[in-house]
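# Structural overview
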Amino acid sequence: MTDFLLELRSEEIPARMQDKAREDLARLFAAELAKAGLAATETVTYATPRRLALIARGLPTETQAVSEELKGPKANAPEQALAGFLRKTGLTRDQLTERDGVLYAITEKPGRATAAVLAEAMPAIVRAFPWPKSMRWGAASASTESLRWVRPLHGIVALLGETLVDVEIAGIRSGVATYGHRFHHPGQITIGSSADYVEKLRACHVILDQDERRALIRDRATALAADAGLTLVEDEGLVAENAGLTEWPVPLLGRFDADFLSVPPEVIQLTARVNQKYFVCRSADGALANAFVCTANIEAIDGGAKIVEGNRKVLAARLSDARFFYDTDLKTPLEEQAAKLSNIVFHEKLGTVADKVDRVAKLARWLVEEGIVPPVDGVTKEHTAYLAGRAAELAKADLVTGMVGEFPELQGLMGGYYAAAQGEPREIADAIRDHYKPVGQGDDVPTAPVTVAVSLADKLDTIASFFSTGEKPTGSKDPFALRRAALGIISLLRQNQSRMSVVGVALHAIAPRLIAAQHESDRAPLIAALPKITELLSKESAPHFMLGIVQAVKAMPDPRKFNEKVFVEALTSAAEVRDFLLDRLEVMTRQEGGRFDIIRAAQIIDGDRGKEDDLVRLLARVHALQAFVTTDDGANLLAGYKRAANILKKEAYTPDTEGNPKTLSYTPEKAEADLIAALESAEPAAAAAVAAEDFERAMAALASLRAPIDAFFDSVTVNDADPAKRAARLALLARVRAAVHTVADFSKIEG
């Protein structure tokens with residue numbers, strides 16, 4: 001067994017591509033060896049700015065000899081069939097082996113030298129390498145068939161043990177020489193084998209292991225900050241990037257002018273991070289300090305003083321630009337900035353950003369007025385609604401500022417700073433700052449009422465608007481980040497226990513825009529009908545939404561002007577928004593360890609299969625149901641329910657339109673009477689508990705049916721020869737099913 005070393009030396013590989021390149025190199029190498037029946041016992045990959053390397057350990061010196069057997073025609077097959085098989089195999093009739101009347105072609109393939117396999121594999125690996133961006137270079141680049149690599153490829157080292165594997169790729173022939181650090185050791189290094197490769201490069205100021213470089217940067221930067229009485233602001237992404245930019249990293253601490261600390265700290269940190277790849281530090285009180293840590297790629301003879309000074313000057317120029325943007329933006333009130341949003345198209349079907357802001361402001365106020373978002377402590381509902389509307393009107397104004405134009409990542413954050421500096425109330429400034437939150441799992445979820453109202457309104461408007469125009473996520477495509485917005489809505493509702501009918505709120509968000517698209521003469525009765533429709537939708541479950549619309553239309557001053565299509569479209573889109581949120585809630589709950597079947601069962605809230613659209617109530621139902629079905633009572637009740645439901649399905653039973661009289665025409669058997677008595681007690685108890693949203697108590701009420709149901713199926717014949725008994729017992733099973741459905745649709749639960 002021996003080891004193989006491959007180094008592909010090029011000009012600078014972008015830091016962001018290096019980790020994926022190492023994975024791809026290992027994957028392609030293993031795949032090429034597998035074709036020849038080879039496999040390494042261990043594969044290690046390295047990446048620096050100037051090289052991509054692989055060491056494969058435990059390779060045999062040659063592949064094993066193999067015997068390949070190909071089945072042919074029968075021995076007495078027609079001559080044409082035999083001739084075709086011989087042409088295919090390249091053998092003669094005498095070379096075939098007959099077994100059980102069938103001819104076989106057996107070919108013995110001797111083993112191949114591993115070096116020969118590697119010589120074939122390397123060109124295939126290099127030419128198939130999936131760089132995100134690649135280039136051609138030199139005279140050969142005139143042809144589209146020329147080699148593509150991330151940057152011009154300059155050298156190849158390929159050693160199997162201590163033996164060179166001779167290969168040529170695009171005019172570059174493999175050898176045993178590489179180069180060390182560009183400045184500390186620019187000369188050639190002769191590599192003996194993979195055993196001395198890493199240490200020879202280290203002696204020439206190249207730390208090959210990217211993890212070692214990261215640890216060095218992380219530890220040294222932390223120590224430099226601590227020596228200065230500061231704390232380094234941790235940033236693993238920046239650690240990885242600096243490790244990908246250097247072969248011999250040397251962290252250095254510098255200082256910038258403290259006057260720049262008048263700029264918001266996030267701006268300073270982003271300027272240092274994005275433009276210069278510097279770390280920043282905090283002082284003992286937690287405030288941002290006028291210090292930075294840069295990472296040099298050399299050990300300077302002056303200890304890095306000139307490097308630090310040069311980097312300080314560059315950072316000062318960047319911070320001067322940032323301060324100019326900040327000071328200039330402060331001179332223009334956010335209201336004036338917001339007026340410019342009418343010149344920016346939000347979406348061709350949804351108007352400008354100013355149109356969106358107007359919709360969000362109205363919806364934010366309405367969420368407070370309806371009590372979905374509570375008022376600020378010590379503040380009236382009316383004033384909280386005003387604050388929410390005002391915050392929404394200014395929330396997007398920073399999109400046209402110079403600072404956000406330079407750093408889009410600061411949208412919202414800069415608006416909050418500008419609002420506070422221009423005298424807006426704290427609640428408004430905070431809402432502007434945080435209204436994009438949460439932007440992903442693990443992000444902070446706002447709890448301040450004004451912020452919650454604006455954040456909810458913004459995300460609800462985005463989803464409802466795009467759904468109403470047919471711009472929905474499909475498969476893996478979600479260009480408008482609607483799935484992320486949905487997760488944000490769910491997190492906000494769950495964190496703040498905000499209660500709302502998703503369909504009602506979505507309809508409220510959608511309908512005004514659709515009404516506005518109608519002729520002026522048609523608007524008044526539709527607008528007059530909207531509050532009544534919203535009121536009905538917030539009280540009724542999904543199957544009754546259309547009935548609510550019909551009732552509202554009948555009460556309109558002039559129903560003849562009602563454009564039914566407008567509200568049918570609005571209602572359909574609102575229901576789709578609900579289903580979309582339910583789907584995202586299912587995904588989120590499953591990621592947290594919840595069962596998908598429990599979630600689907602809890603969505604169904606009545607016998608008509610209406611869907612729950614109060615997400616807080618749904619989650620309470622899910623938690624109670626998940627706890628219940630894991631108990632013996634829950635498991636046995638589920639079994640009894642499914643047996644009853646299967647019988648009803650098999651018999652195609654539908655409840656009598658006249659109802660199911662409880663007075664029987666016969667004397668029931670004991671188990672039958674016991675079940676009837678249990679239902680008489682459990683039905684109202686479960687219904688009352690559900691109405692009170694005490695789902696644990698509702699489950700307990702249903703649990704009382706467990707023993708009577710078991711006894712009923714053990715001793716009572718449902719399909720009795722007597723039609724009256726059969727009908728009554730089917731009706732009794734239907735009552736059992738209906739009682740269970742008051743809590744959830746148990747048919748969705750597995751087991």
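An account of the accompanying structure is given in this report. All figures in this text were calculated on a predicted structure; none of them were measured in a lab.

### Re the overall build of the protein
- Secondary structure summary: the protein contains 27 helices and 18 strands in total.
- At 36 Å, the protein has a C-alpha radius of gyration far larger than the 27 Å of a compact globule built from 751 residues.
- When its C-alpha atoms are laid out on the principal axes, the protein stretches across 100 × 95 × 55 Å.
- Summarising the internal contacts of the protein: among those between residues at least 6 apart in sequence, 69% fall at separations of at least 24.
- Of the roughly 35,200 Å² of accessible surface on the protein, 51% is carried by carbon and sulfur atoms.
- Counting 90 positive and 104 negative side-chain charges, the protein places the centres of these two groups 3 Å from one another.

### As for the pattern of salt bridges
- Following the criterion strictly, the structure yields 55 salt bridges and no others.
- Note that K35 and E32 form a salt bridge whose closest N and O atoms lie 3.1 Å from each other. With K35 and E32 both in helix α1 (residues 15-35) and three residues apart, this pair spans about one turn of that helix.
- With a relative accessible area of 65%, K35 lands in the exposed category.
- A cluster of three or more residues bridged by salt bridges with shared partners is formed by R426, E427, D430, R433, D434 and K437.

### With respect to the pairing of strand β2 (residues 42-48)
- Among the seven residues in β2, five count as buried, and that is most of the element.
- Where β2 meets strand β3 (residues 51-59), seven bridges bridge the pair, whose relative direction is antiparallel. Across the sheet, T43 pairs through a bridge with A56, a residue of β3.

### Structural notes on the packing of helix α11 (residues 381-395) against helix α15 (residues 449-468)
- Between α11 and α15, the shortest axis-to-axis distance is 9 Å and the interhelical angle comes to 50°. When the axes of α11 and α15 are compared, the pair comes out oblique. Pair α11 / α15 crosses with right-handed handedness. Every residue of α15 that contacts α11 at T384, L387, A388, A391, A392 and A395 is listed here: V450, A453 and V454.
- Considered class by class, the residues forming the contact of α11 with α15 number eight nonpolar, one polar and no charged.

### Structural notes on α1
- The first and last C-alpha atoms of α1 sit 32 Å apart over 21 residues, in line with the 30 Å expected at 1.5 Å per residue.
- Along its length, α1 shows its largest kink, about 25°, at A21.
- Once α1 ends, the next one or two residues include G37, with phi positive near 80°.

### Concerning the environment of N719
- Checked against the element boundaries, N719 lands in the loop between α26 (706-715) and α27 (723-741).
- In this structure N719 comes out as partly exposed when scored by relative accessible area, which is 40%.
- Taking the C-alpha atoms as reference, N719 lies 63 Å from D358; in sequence the two are 361 residues apart.
- Dropping the residues within four chain positions of it, N719 is found in contact with E651 and R726.

### Brief notes about the sheet that holds strand β8 (residues 163-164)
- On the basis of which strands lie adjacent, the open sheet formed by five strands has the order β2-β3-β1-β7-β8 and antiparallel pairing. What marks the edges here is a single partner per strand, and that holds for β2 and β8.
- Here α1 sits on the sheet in contact with β1 (2-10), β2 and β3, set at roughly 35° to β3.

### Here's the deal with the packing of aromatic side chains
- Under the definition given, this model contains 12 aromatic pairs.
- Measuring from ring centre to ring centre gives 5.1 Å for F129 and W149, while their planes differ by 55°; the resulting arrangement is tilted. Highlighted residues: F129 in the loop between α3 (114-127) and β7 (153-160) and W149 in the loop between α3 and β7, separated in sequence by 20 residues. A single burial state applies to F129 and to W149, both of which are buried.
- An aromatic cluster is built from F129, W131 and W149, whose rings are joined through pairwise contacts.
- Here the guanidinium or amino end of R99 rests over the ring plane of Y104, the centre of that ring lying 4.2 Å away.

### Points about the packing of helix α5 (residues 210-227) against helix α6 (residues 236-245)
- Where α5 meets α6, the axes come as close as 9 Å, and the angle between the chain directions of the two elements is 120°. Here α5 is positioned oblique relative to α6, judged by the angle of their axes. Note on packing geometry: the crossing formed by α5 with α6 is right-handed. On the side of α5, the interface is formed by Q210, R213, R214, I217 and R218, while α6 contributes E236, V239, A240, N242 and A243.
- Its residues assigned to classes, the contact of α5 with α6 comprises four nonpolar, two polar and four charged.

### With respect to the sheet that holds strand β16 (residues 288-296)
- Read across the sheet, four strands follow the order β13-β15-β16-β14 without closing on themselves; strand pairing throughout is antiparallel. In the strand order of this sheet, the two ends are held by β13 (231-232) and β14 (250-255), each with one partner.
- Pairing analysis gives six bridges linking β14 to β16, with the strands arranged antiparallel. Its bridge partner lying in β16, L253 is registered against V293.

### As for the nonpolar core
- Ranked by internal contacts, the top residues of the largest apolar core, which has 149 residues, are L367, M403, L456, I463, L615, L625 and F746.
- Aside from chain neighbours lying at most four places away, what touches L456 is L367, V373, I489, L492 and L493.
- Residues F29, L33, V117 and I172 belong to the second largest nonpolar core, which totals 35 residues.

### Here we look at the environment of T48
- Tracing the backbone through its elements, the reader meets T48 in strand β2.
- Of the residues examined, T48 reaches a relative accessible area of 0% and is grouped as buried.
- Spatially, the C-alpha atoms of T48 and A15 are 8.3 Å apart, while their sequence positions differ by 33 residues.

### Observations concerning unusual backbone geometry
- With omega at -10°, the peptide bond leading from K437 into P438 counts as cis.
- Inspection of the secondary structure assignment puts P438 in the loop between α14 (426-434) and α15.
- Residues other than glycine seldom take positive phi values, yet D100 does so here, at roughly 55°.
- If you trace the backbone, D100 turns up in the loop between β5 (97-99) and β6 (102-109).
- Look at D100 and you get exposed, because its relative accessible area is 79%.
- The residue E693 is not glycine, and still its phi comes out positive at about 60°.
- Among the structural elements, E693 can be located in the loop between α24 (670-691) and α25 (695-703).
- Accessibility expressed as a relative area gives 31% for E693, which makes it partly exposed.

### Brief notes about the environment of E145
- Within the fold, E145 resides in the loop between α3 and β7.
- In this structure, the C-alpha to C-alpha distance between E145 and E750, residues 605 residues apart in sequence, is 56 Å.

### A few points about the pairing of β16
- Along β16, nine of the nine residues are buried, which leaves the element largely enclosed by surrounding structure.
- Because side chains alternate across β16, one face comprises the buried residues L288, N290, F292, C294 and A296, and the other comprises A289, A291, V293 and T295, equally buried.
- Here three bridges tie strand β15 (residues 279-282) to β16, and the two strands are oriented antiparallel to one another. Its bridge partner being in β16, V280 is matched across the sheet by F292.
- Where β15 folds back on β16, the antiparallel hairpin that results is connected by five residues, among which G286 adopts a positive phi of roughly 90°.

The rules behind the values
Here the residue index of a chain counts from 1 through its sequence in written order. Residue-level local features of this predicted model are given only where pLDDT is at least 70; pairs of side-chain atoms are given and counted only at 80 or more, and the full residue set underlies all totals for whole chains, interfaces and linings. With hydrogens and water stripped out, all remaining heavy atoms of the structure feed into the side-chain values. Each helix is a run of DSSP H or I of at least 4 residues and each strand a run of E of at least 2, with the numbering of both proceeding from the N terminus. What the globule rule says is 2.2 Å times the number of residues to the power 0.38, and the radius of gyration is computed from C-alpha atoms. Only heavy atoms matter for contacts: two residues are in contact if any of them lie within 4.5 Å across the pair. Note that accessible areas follow from Shrake-Rupley with a 1.4 Å probe, and for residues the cover is restricted to the protein chains shown. Working convention for charge: Lys and Arg count positive, Asp and Glu count negative, and His plus the chain ends are omitted. To locate a charge, take NZ of a lysine, CZ of an arginine, CG of an aspartate or CD of a glutamate. Think of a salt bridge as a Lys or Arg side-chain nitrogen and an Asp or Glu carboxyl oxygen that are within 4 Å of each other. Buried, partly exposed and exposed residues are distinguished by accessible area as a fraction of the type maximum, computed with a 1.4 Å probe on protein chains only: under 20%, between the cut-offs, and over 50%, respectively. The criterion for strand pairing is that DSSP finds at least two bridges linking the strands in question. Note on geometry: axes are C-alpha line fits, over the in-contact stretch for helices, and angles between N-to-C directions span 0 to 180 degrees. Roughly parallel here means an angle under 35 degrees, roughly antiparallel means over 145, roughly perpendicular means 65 to 115, and every remaining angle is called oblique. Two helices crossing with the near one rotated counterclockwise from the far one by less than a right angle form a left-handed crossing, whereas a clockwise rotation gives a right-handed crossing. Only Asp, Glu, Lys and Arg are considered charged in this grouping, and only Ala, Val, Leu, Ile, Met, Phe, Trp, Tyr, Cys and Pro are considered nonpolar; every other residue, Gly among them, is considered polar. Multiplying 1.5 Å by the residue count of a helix minus one yields the expected span of that helix. To get the bend at a residue, fit one axis to the 7 residues ending there and another to the 7 starting there, then take the angle between the axes. The aromatic pairing rule takes the rings of Phe, Tyr and Trp, using the six-membered ring of Trp, and pairs them if the centres are within 6.5 Å, calling planes under 30 degrees apart stacked, those over 60 edge-to-face and the rest tilted. Here, a charge over a ring is recorded when the distance from Lys NZ or Arg CZ to the ring centre is within 6 Å and its angle to the ring normal is within 35 degrees. Remark: nonpolar core denotes a set of buried residues (Ala, Val, Leu, Ile, Met, Phe, Trp, Tyr, Cys) joined through side-chain atoms within 4.5 Å.

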